[in-house]
Amino acid sequence: LVPYFLMGTVYYLKGDLWQFIIHYLPPDLTLHLVFVPLTTDALIPMMLLAVAIMVVLVNYPFYRSKKGLRSKKNIEIIYILLLLQGLSTLIFPDIGLQHMILLAVPLAFLLQDSLLRIENQLTAEIVHLFLLSTLFFFQYQSVFGG
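Since we're looking at a predicted model, the values are computed, not measured.

Counting 13 residues, the largest nonpolar core has V56, Y63, Y79, L103, L107 and L110 as its most contacted members. For this core, the elements supplying multiple residues, two or more each, are helix 3 (40–58), helix 5 (69–91) and helix 6 (104–116). Ranked by the residues each element gives to this core, the list is headed by helix 5, at 4 residues. Beyond its immediate stretch of four places on either side in the chain, Y63 contacts V55, V56, I75, Y79, L110, L111, D113, S114 and R117.

Pasting the structure below:
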């Protein structure tokens, strides 16, 4: 939104705000289905992302328990950020799997709290190594001919 705001400001100062609105802000707010048709290359990362989002949504009460007021507000902001970035993937056309990196920051903040809550350290390390290995695999899959 910041680039649109800045460009709108420039056009406003030039006196052409309506030209900016007509040409650069089309009223195309249709719901775009991401990853249609669904391929097997995108299915596994999407399923892992969906599982991560479900873990974060299910653990919402645990994230807020035994926290101070400031921490609770920060968690609410992270959830709002996750919601807005998730909705942006449905609004913008031509979005691909690489655009799911928008969800990585709020998911990383919340999933690390889930990892810290695991009592068995070995299990937590195995889950952490699994997450790292899948991230590296999907990040460098195209480099190594995948």
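Resuming the write-up.
On to the side chain of T134. Topologically, T134 is positioned in helix 7 (residues 121–139). With relative accessibility at 16%, the residue T134 sits in the buried group. Polar contacts involving the side chain of T134 include one to the main-chain carbonyl oxygen of L131, which spans 2.9 Å.

A few words now on the environment of L107. When you line up the elements, L107 lands in helix 6. Expressed as a C-alpha distance, the spacing of L107 and A52, which sit 55 residues apart in the sequence, is 7.3 Å. Setting aside residues no more than four positions away along its own chain, L107 makes contact with L49, A52, I53, V56 and L82.

With that out of the way, let us pick up the packing of helix 1 (residues 2–14) against helix 2 (residues 17–24). In helix packing, the relevant descriptors are the interaxial angle and the interaxial distance, both defined with respect to the helix axes. Packing of helix 1 against helix 2 leaves a shortest axis separation of 7 Å and a crossing angle of 140 degrees. In terms of their interaxial angle, helix 1 and helix 2 are classed as oblique. Seen from helix 1, the contacting residues are Y4, M7, G8, Y11 and Y12; seen from helix 2, they are L17, F20 and Y24. When grouped by side-chain class, the residues that make up the contact of helix 1 with helix 2 number 7 nonpolar, 1 polar and no charged.

For the rest of this paragraph, the subject is a nonpolar patch on the surface. A cluster of nonpolar side chains, L43, I44, M47, L48, I118, V127, F130 and L131, forms an exposed patch at the surface whose accessible area comes to about 620 Å². Of all the secondary structure elements, the ones that give two or more residues to the nonpolar patch are helix 3 and helix 7. Residue contributions to the nonpolar patch peak at 4 residues, all from helix 3. Looking at where I118 falls in the secondary structure, it is placed in the loop between helix 6 and helix 7. I118 sits in the partly exposed class, given a relative accessible area of 30%.

Turning to the side chain of N59, a few remarks are in order. If you trace the backbone, N59 turns up in the loop between helix 3 and helix 4 (60–64). Residues in contact with N59, not counting those within four places in the same chain, are Y79 and S114.

Calculation rules
Residues numbered from 1 in each chain as written. Predicted model: local features only at pLDDT ≥ 70, side-chain atom pairs only at ≥ 80, totals over all residues. Heavy atoms only, no water. Core = buried A, V, L, I, M, F, W, Y, C linked by side-chain atoms within 4.5 Å. Buried < 20%, exposed > 50% of the residue type's maximum accessible area, 1.4 Å probe, protein only. Helix = DSSP H or I, 4+ residues; strand = E, 2+ residues; numbered from the N terminus. Contact = heavy atoms within 4.5 Å. Polar contact = N/O pair within 3.5 Å; in protein donor to acceptor, adjacent residues only side chain to side chain. Axes fitted to C-alpha atoms, helices over the stretch in contact; angles between N-to-C directions. Parallel < 35°, antiparallel > 145°, perpendicular 65-115°, else oblique. Nonpolar A, V, L, I, M, F, W, Y, C, P; charged D, E, K, R; others polar. Patch = residues over 30% accessible without salt bridge, like charges linked within 9 Å, V, L, I, M, F, W, Y side chains within 5 Å. Areas by Shrake-Rupley, 256 points an atom, 1.4 Å probe, with all protein chains shown as cover. Salt bridge = Lys/Arg side-chain N within 4 Å of Asp/Glu carboxyl O.

The quantities given are spatial measurements derived from coordinates; they are silent on function.
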